[in-house]
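Take a look at the letters that make up each chain.
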Amino acid sequence: MIGIVVAIREELTEFFSNNKFVAYKLDAEDQPVFTSQILPEVAVIESGMGKANAINATNKLIELYHPNIIISAGFAGSVKQNVSSGTSYICNKLWSIPGSPAFWSTDIAENTNVMDENSAVRLNKVINEFGSPIEIGACMTVDQFIYNHDLKTWIGENFSVDVIDMESFWVNQTANENNIETIIIRVVLDPMEQKLPPFIVEAANNKKSRTVMNGLKHVAINPGDIKKIIEISIQVKKSRRILASNLESVIESEKEFASLTSNTV
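What you see as residue numbers is a count from 1 along each chain, following the sequence as written. In keeping with the predicted nature of the model, local features appear solely for residues at pLDDT of at least 70, side-chain atom pairs appear and are counted solely at 80 or more, and the whole-chain, interface and lining totals rest on all residues. Only hydrogens and water are removed before side-chain values are computed, so all heavy atoms of the structure are retained for them.

For every residue, the accessible area obtained with a 1.4 Å probe (protein chains only) is divided by the maximum for its type, and the residue is called buried under 20%, exposed over 50%, and partly exposed between those limits. Working definition: helices are DSSP H or I runs of at least four residues, strands are E runs of at least two. Numbering for both runs from the N terminus. Among the residues of helix α4 (residues 149-158), Lys 152, Thr 153, Ile 155 and Gly 156 are the ones counted as buried. When α4 is viewed along its axis, its buried side chains cluster within an angular range of 165 degrees and face the same direction. In α4, the exposed residues that point more than 90 degrees away from the buried face are Asp 150 and Glu 157. Buried-residue contacts for α4 involve β5 (69-78), β8 (135-142), β9 (163-165) and β10 (181-190). Relevant arc is that of directions from the helix axis to the C-beta atoms, nothing else. Note on contacts: a residue pair is in contact if any heavy atoms of the two residues lie within 4.5 Å.

So, in structure tokens, the structure goes:
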């Protein structure tokens, strides 16, 4: 059984559509589970953003489905120059830096390996063979949405990481505590040079802000943002397509191999 944890379900819109996923379980914590008759060996949970949500959702997924692999999947921001939107990574190393950026320092960061180099190379090869280009990299998990160019630059200059997100480190830690293998797949939405507008950050943090009506209200109040909205929409569509391809490649590969993260070839 493969479990997938995604912070925001809209990141998997194309994956859901391709494989006809539907909401299966809802609870008071508003962390819905999605299943598919086309892919009965896969269950997806929408965690919401951040540490607590990632831990709760991963534990819930384990309790319900006892997966042998958990994938933390979703969008990320690049902290390296000249990395385009849609670039995807298998993160074989994870970092975490807690708290507000005002108090960040290299001393408070911690890191962990997700898989050894041989396993990462093997997984990279398998996914690429299925026609879904992906690179091996590292991810920094932070406590808040980072859309500022200067903060992305600071992380990229001080740590050997490629992308940043808000959940991967905690999904991996929770899975490890339950002796479950993890795969981290992150697709770049916003390049390092791009500063996301505040309304995008609000939409990421607040489900109600993602509705069409709220989008129209924002355009009515801020007509100058139309160009930015179109640009972001193109990036989102591209990143969704690539993320769907990555996940479908992993699932297809899992049918052929006992374990994608195994050292054996």
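Bringing the packing of aromatic side chains into the picture now. Two aromatic rings from Phe, Tyr or Trp, using only the six-membered ring of Trp, form a pair when their centres are within 6.5 Å; if the ring planes differ by under 30 degrees the pair is stacked, by over 60 it is edge-to-face, and anything between is tilted. Within this structure, the stated rule accounts for eight aromatic pairs. Ring centres of Phe 15 and Phe 16 lie 6.4 Å apart, and the angle between their planes is 40 degrees; this geometry places the pair in the tilted category. Grouping residues by exposure puts Phe 15 and Phe 16 together as buried. Put simply, the rings of Phe 15, Phe 16, Phe 21 and Phe 34 pair up and form one aromatic cluster. A ring has a charge above it when a Lys NZ or an Arg CZ is no more than 6 Å from the ring centre and no more than 35 degrees off the ring normal. Cation over ring: Lys 51 sits above Trp 170, and NZ or CZ is 4.3 Å from the ring centre.

What follows deals with the nonpolar core. The definition of a nonpolar core used throughout is a set of buried Ala, Val, Leu, Ile, Met, Phe, Trp, Tyr and Cys residues joined through side-chain atoms within 4.5 Å. The biggest cluster of nonpolar side chains holds 58 residues, and the ones touching the most others in it are Ile 4, Leu 12, Phe 15, Val 44, Ile 71 and Leu 247. Top element by residues in this core is helix α8 (residues 226-256). It accounts for eight residues. The residues touching Val 44, leaving out its near neighbours within four places in the chain, are Ile 4, Val 6, Leu 12, Phe 15, Phe 16, Phe 21, Pro 32, Val 33 and Phe 34. With 17 residues, the next largest nonpolar core counts Ala 7, Met 49, Trp 95 and Ile 146 among its residues.

The buried count for strand β6 (residues 88-97) comes to nine of 10 residues, which makes it a mostly enclosed element. Here, a strand pair is defined by DSSP locating no fewer than two bridges between the strands. In this structure, β6 lies alongside β10, joined through three bridges in antiparallel fashion. Note on β10: the bridge partner recorded for Tyr 89 is Arg 186. Both β6 and β8 contribute to a ladder of eight bridges, which runs parallel. The partner of Lys 93 across the bridge, within β8, is Ala 138. The pairing of β6 with strand β7 (residues 110-113) spans four bridges and is classified as antiparallel. Looking at the pairing, Trp 95 lines up with Asn 111 of β7.

Now for the side chain of Ser 72. Relative to the elements of secondary structure, Ser 72 occurs in strand β5. We classify Ser 72 as buried; its relative accessible area is 1%. Within polar-contact distance, the side chain of Ser 72 engages the side chain of Ser 168 at 3.3 Å. Within the structure, Ser 72 has its side chain in polar contact with the side chain of Arg 186 (distance 2.7 Å). Apart from residues no more than four positions distant in its own chain, Ser 72 is found in contact with Val 5, Ser 168, Val 171, Ile 183, Ile 184, Ile 185 and Arg 186. Think of a polar contact as two N or O atoms within 3.5 Å of one another; within protein, one of them needs to be a possible hydrogen donor and the other a possible acceptor, and neighboring residues in sequence only count if both atoms come from side chains.

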